[in-house]
Amino acid sequence: MIATLFAFKGGVKPSAHKEASTLAPILRAPLPPRLVVPLRQSAGGAPLPLVVAGQKLSKGERIGAPEGNFSSAIHAPTSGRVLAVEDRLLPHPSGLSALCVVIEPDGEERWIDRNPVNYAAATPDALRDYLRDAGIVGLGGATFPSHIKLKPGASGRIETLIINGAECEPWITCDDMLMRERATEVVRGIDILRHIVSAERVLVGIEDNKPQAVAAMRAATAQSPGVSVVPVPTRYPAGGEKQLIRVLTGIEIPYGRFGSDFGVQCFNVATAGSVHRAINLGEPLISRIVTLTGNVERPGNYEVLIGTPIADLLPLAAPKADTDRYLMGGPMMGFTLPGTDLPVTKASNCIIAASKALFPPLGTELPCIRCGACTRACPVELQPHELYWFSRAKNFGKAQEYGIFDCIECGCCAYVCPSNIRLVDYYRFAKSSMRTLEREKATANAARERFEFRTLRDEREKAEKTARLAAKTAAGRQAIAGAAKPSAAQATTTAPAQSSAEKPLAPLDEQKKALIAAAIARAQAQRAGVQPKNTENLTPEKQAEIREIEARRDKVRELAKTPPAEPV
Amino acid sequence: MFTALLVMAGIAVVLGAMLGYASIRFKVKGDPLVDKIDAILPQTQCGQCGFPGCKPYAQAIARGEVEINQCPPGGEEGIRKLADLLGKEFKPLSAEHGVEKPKQVAVIDEDVCIGCTLCTQACPVDAIVGAAKQMHTIVAPLCTGCELCLPPCPVDCIAMVAVPETVETWKWRYPVIRLKEQAA
């Protein structure tokens, strides 16, 4: 089948640097002495820890439960013992820490009971839940939980499944090597994904600079009807989800919508491979392929357990002496790691050793000359220079009007900028500031609502209390008035000498007195009604003790009655 | 001459009627300025401005009775926004009303709490859960950090803790580095 290919605007062609790390086969990285597994490794809610320090674990045991449906589980990468559940530094540009499970491997690699699922007999809903609990997330870098993407969107069903093997970013070769060596696994995963969404056709998009991967995938899919492997032109960022969908199907997905709304959905090849392992083998996502490359003696790809410290991986590739920093991800979208004592996560596709010779430092940032090179390079057809002005001026409203949230942070604009402006840094700053502002606004609105509700409630309670009190007083008055009539008659007979001037005041006064007297009588009755508790079945010792205490009390009462001695 | 007068009077009557109708039909309920000011205020409801809540302060600002620099939680940025909105001159935060602090939440030391409910009565946003002689606790996501629960506590078991930056709330730094600050 010859597919018609479409094109996306813009894009750049940086030199690929991919050959070096594809010469050796994928090797398994040795078991490190410690594993640090971050609980939050996907978009959505952070999973809740299920283990405590000291607990024994089997390989593949669940250690983090998904928090809500938009979340994904976390599993023990090997068997061993939990050393701690504590905050550890994450491989994140912020250099902040978050909750991690620290595991000391016992070297036995003892698996939990692996229960493969017969997917042909299972319902799509059950399979989606299973994938969530197996911790399957997008391995292309964004780590979006896969089960969410497998839901049909507004269009009702997903007709076209796109498998992303483009791997457009320079230096990274983990998907390339996976397709070359494990094409069958990927294809079996594709079959499952296809079954869940009941897609009619599957398009595997691979950049045409990976002929071996294309050949391997073609061979593996020869028996699968409706699956076609399509080489796409090599142009960064062809592996961007929306870009690849556009190249393969011509569908352009607007901001805020998902491919599933247009009957198309995209998964990474490594994600398909992990889906196969989860369903056909019963193994949750506990490892991934990581490219170690850059300024190293032995570049290559390694199958690494999630949570392996990067410092333990680096000796495998033997970084050269002049390495000054390490990048996670590619040179276009990746970031400089704040250190090497950080764990590999589900998002870590590549670690590049950088040196001044390999990645010369960018020159001084010069003023924007409005040359428009960035606009020509932008794959989402934005105007990066305008966004730059607005972000720099913190004019976030305008930046939003110019579509800053459409920006995929691919770095093409910064790559072509003749003034060395770090454009993406500005967009990231503006986007995260806007998100913070949104969050603050939402909390402020919630606080306002709660405050207004509280004020309202206070007023209502006050009104209710006044009404209740008024009703009580009125009822009391009425009761007294009823009782006071005969006594008033008595008063007139016994004390006829009272002056007429006092008369109109007397009934009020007496009513008040009667009210007070009634209250005192009530209180006395209540006091009399109270009986000492726990006074039955006392031992003679207890009774003696009570008598002693009573005697002491009487003495104190007597003392209180006698007038205090004059101060000297 | 007479016709002209009639025509002018007629137009005046018609336009007057239209204006009168419009003033009833399109009447704006409430004061939109108060809402705009209230939207800028941080809704901490802390009362540091001298008013019992953000809305009363917004109303006082709208009436022009008070300065715009009496809201410490809103900080300098809040004053700038108010100055922009009202066309006033920016003024630094007035010292007598307090100082700008990073966002914080109250935390109850649950071992010390005696369950007196005084703090639940003081909380302007109902962020404290507890009943008489039961331990109280603060619902951290709802706490505005207003510190109003601190003075009523008889056992001083409430402390204000700064909200730490997490990976989720972290934001990228402003990439422009001022040379003067760098030199300092």
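The rules we used
Residues numbered from 1 in each chain as written. Chains lettered and ligands numbered in written order. Predicted model: local features only at pLDDT ≥ 70, side-chain atom pairs only at ≥ 80, totals over all residues. Helix = DSSP H or I, 4+ residues; strand = E, 2+ residues; numbered from the N terminus. Rg over C-alpha atoms; globule rule 2.2 N^0.38 Å. Buried ≥ 20, exposed ≤ 12 C-beta atoms within 10 Å, placed from the backbone. Contact = placed C-beta atoms within 7 Å. pLDDT = per-residue confidence, 0-100. Core = buried A, V, L, I, M, F, W, Y, C linked by C-beta atoms within 7 Å. Domains from an automatic or database assignment. Nonpolar A, V, L, I, M, F, W, Y, C, P; charged D, E, K, R; others polar. Axes fitted to C-alpha atoms, helices over the stretch in contact; angles between N-to-C directions. Parallel < 35°, antiparallel > 145°, perpendicular 65-115°, else oblique. Pairing = 2+ DSSP bridges. Left-handed = near helix turned anticlockwise from the far one by under 90°. Expected span 1.5 Å × (residues − 1).

### Remarks on the overall build of chain A
Then, number 1: Helix and strand content of chain A: 15 helices and 17 strands.
Then, number 2: The C-alpha atoms of chain A give 38 Å as radius of gyration, which overshoots the globular expectation for 568 residues (24 Å, by more than 25%).
Then, number 3: Along the first, second and third principal axes, the C-alpha atoms of chain A reach 125 × 65 × 65 Å.
Then, number 4: Expressed as a percentage of the 568 residues in chain A, the buried residues total 41%.
Then, number 5: The contacts of chain A with a sequence gap of at least 6 include a subset with a gap of at least 24, amounting to 74%.

### Looking at the confidence of the model for chain B
Should pLDDT be low for a region, the predicted coordinates there are not to be read in detail.
Then, number 1: For chain B, per-residue confidence averages 88 on the pLDDT scale, and residues scoring 70 or more make up 96% of the total.
Then, number 2: The ipTM assigned to the predicted complex is 0.83, against a pTM of 0.80.

### With respect to the nonpolar core
Residues and elements named next belong to chain A.
Then, number 1: Ranked by size, the top nonpolar core spans 122 residues in total, and within it Met217 and Leu423 carry the most contacts.
Then, number 2: At eight residues, the largest contribution of residues to this core is made by helix α4 (residues 183-197).
Then, number 3: Residues lining this core come from more than one domain, with at least three contributed by each of domain 1 (19-31 + 118-355) and domain 2 (366-472).

### Focus on the domain arrangement of chain B
Residue and element names in this part refer to chain B.
Then, number 1: When its domains are assigned, chain B resolves into domain 1 (32-97) and domain 2 (104-162).
Then, number 2: Listed by partner, the interface residues are six residues for domain 1 and seven residues for domain 2.
Then, number 3: Taken together, the residues of the side of domain 1 that touches domain 2 sort by class into one nonpolar, five polar and no charged.

### Details of the domain arrangement of chain A
Residues and elements named next belong to chain A.
Then, number 1: Entries for chain A in the domain assignment read domain 1 (19-31 + 118-355) and domain 2 (366-472).
Then, number 2: The C-alpha centroid of domain 2 is placed 31 Å from the C-alpha centroid of domain 1.
Then, number 3: At the junction of the two partners, domain 1 supplies seven residues and domain 2 supplies ten residues.
Then, number 4: Residue composition of the side of domain 1 that touches domain 2, by class: five nonpolar, two polar and no charged.

### With respect to the packing of helix α3 (residues 174-181) of chain A against helix α7 (residues 269-281) of chain A
Relative orientation and spacing of two packed helices are given, respectively, by the angle between their axes and the distance between those axes.
Residues and elements named next belong to chain A.
Then, number 1: Close contact between α3 and α7 brings their axes to 9 Å; oriented N to C, the two are set at 50 degrees. The angle between α3 and α7 places the two elements in the oblique class. Note on element contacts: α7 touches α3 through Val269, Ala270 and Gly273, opposite Cys174, Asp175, Leu178 and Met179.
Then, number 2: Looking at side-chain class alone, the contact of α3 with α7 contains five nonpolar, one polar and one charged residues.

### Quick notes on the interface of chain A and chain B
Often, the extent of an interface is quoted as the loss of accessible area upon association of its parts.
Then, number 1: At the interface, 21 residues of chain A touch 20 residues of chain B.
Then, number 2: Per element, the largest residue contribution to the side of chain A that touches chain B is 13 residues, and it comes from helix α13 (residues 423-494) of chain A.
Then, number 3: The class makeup of the residues in the side of chain A that touches chain B is eight nonpolar, five polar and eight charged.

### Digging into the confidence of the model for chain A
Then, number 1: Across chain A, the average pLDDT comes to 89, with 93% of residues at or above 70.
Then, number 2: Segment residues 493-503 of chain A is flagged for pLDDT under 50; beyond a separation of four residues in sequence, or across chains, it makes one contact in the model.

### Examining the sheet that holds strand β10 (residues 201-207) of chain A
Residues and elements named next belong to chain A.
Then, number 1: The strand order β11-β10-β9-β12 describes an open sheet built from four strands, whose pairing is parallel. Taken across any chain shown, the strands that pair with only one partner, and hence form the sheet edges, are β11 (227-232) and β12 (264-268). Averaged over all pairs of adjacent strands, the angle between their axes in this sheet comes to 25 degrees, without regard to strand direction.
Then, number 2: Pairing analysis gives five bridges linking strand β9 (residues 160-164) to β10, with the strands arranged parallel. Within β10, the position partnered with Leu161 by the bridge is Val202.

### Things to note about the packing of α4(A) against helix α5 (residues 211-220) of chain A
All names here are of chain A.
Then, number 1: Running from N to C, α4 and α5 point in directions that differ by 55 degrees, and their axes come no closer than 9 Å. In terms of orientation, α4 lies oblique with respect to α5. The chirality of how α4 crosses α5 is right-handed. Residues Ala183, Thr184 and Val187 of α4 pack against Ala216, Met217, Ala219 and Ala220 of α5.
Then, number 2: By residue class, the composition of the contact of α4 with α5 is six nonpolar, one polar and no charged.

### Here we look at the sheet that holds strand β8 (residues 97-105) of chain A
Then, number 1: With antiparallel pairing, the four strands of this open sheet are ordered in space as β2-β8-β7-β4 (chain A). Where the open sheet ends on each side, the last strands, each with one partner, are β2 (35-38) and β4 (56-57) of chain A.

### Some thoughts on helix α1 (residues 2-25) of chain B
Then, number 1: Between its terminal C-alpha atoms α1(B) stretches 34 Å, which fits the 34 Å expected from 24 residues at 1.5 Å a residue.
Then, number 2: Within α1(B), only zero of the 24 residues are buried, which leaves it mostly out in the open.

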